[in-house]
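# Residue-level structural notes
Each chain, letter by letter, is given below.
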Amino acid sequence: FILIFIIGVVYTSMEGGSHFVNGHQKMGLAMLIMAFGQILAGVFRPPNPAPGEAKAAIRVAWEVGHRVLGVALLACGFWQMDRGIGLYATKYSVSESDESNLSIGYWIWIGVMSAVIIFGGLYFNYLVSSGKSPVQVAEEEDGDVTARESPLVDDSENSGKKDQDV
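Residues numbered from 1 in each chain as written. Predicted model: local features only at pLDDT ≥ 70, side-chain atom pairs only at ≥ 80, totals over all residues. Heavy atoms only, no water.

### Structural notes on the packing of aromatic side chains
Evaluated as defined, the whole model comprises 5 aromatic pairs. Ring geometry for Phe-5 and Phe-20: centres 6.1 Å apart, planes at 20°, overall stacked. In this pair, Phe-5 is assigned in helix H1 (residues 2-14) and Phe-20 in the loop between H1 and helix H2 (23-43), connecting sequence segments 15 residues apart. Overall, the relative accessible area of 23% leaves Phe-5 in the partly exposed class. Under the relative-accessibility criterion, Phe-20 is labelled partly exposed at 31%. Members of the aromatic cluster, each reached through a chain of ring pairs, are Phe-78, Tyr-106 and Trp-107. (Phe/Tyr/Trp six-rings, centres within 6.5 Å; stacked < 30°, edge-to-face > 60°. Helix = DSSP H or I, 4+ residues; strand = E, 2+ residues; numbered from the N terminus. Buried < 20%, exposed > 50% of the residue type's maximum accessible area, 1.4 Å probe, protein only.)

### Here we look at the environment of Gly-65
Along the chain, the position of Gly-65 falls in helix H3 (residues 57-91). Each C-alpha atom, one on Gly-65 and one on Ala-41, is 9.2 Å from the other, the two residues being 24 residues apart in sequence.

### Focus on a nonpolar patch on the surface
Taken together, the side chains of Ile-2, Ile-6, Val-10, Tyr-11, Met-14, Phe-36, Ile-39, Leu-40, Val-43, Phe-44, Tyr-88 and Tyr-92 make up a nonpolar region of the molecular surface, amounting to roughly 1300 Å² of accessible area. Broken down by secondary-structure element, the contributors of at least two residues to the nonpolar patch are H1 and H2. No other element matches H1, which puts 5 residues into the nonpolar patch. Here Phe-44 is to be found in the loop between H2 and H3. (Patch = residues over 30% accessible without salt bridge, like charges linked within 9 Å, V, L, I, M, F, W, Y side chains within 5 Å. Areas by Shrake-Rupley, 256 points an atom, 1.4 Å probe, with all protein chains shown as cover. Salt bridge = Lys/Arg side-chain N within 4 Å of Asp/Glu carboxyl O.)

In structure tokens:
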């Protein structure tokens, strides 16, 4: 991550450009600082409580801050890519219609991937709350593996019957 940042700064210097004058450059610097903040927060995070104990207020605050900063970095990254497309189009004289098409394609891609992540997470949470694992669901759909062969199912009733059809 740092190497990519350094390459960007060096490339800008080689072209005779100024550093951190446009929004894309300033956001890149801000993201680098936020990413370092995430790393430092991870290194110095408060410990998890023992099973059955309540989380300390500092741990709860850390978890909220970690999530908020992570979402902020993700949003900044989305914005950075869009601005990068604009800078590319300006630098290489790409037509406005081509730039618009690329930008629209980028945001469609982000929308599709976000939907997959969100709906995949919701589906996974549904499976966990219903007592099934994604592995069990896949096995049931495929029909290749019986429930007694699943590592998530207690097979103490079937011990000794592994080679027999049940």
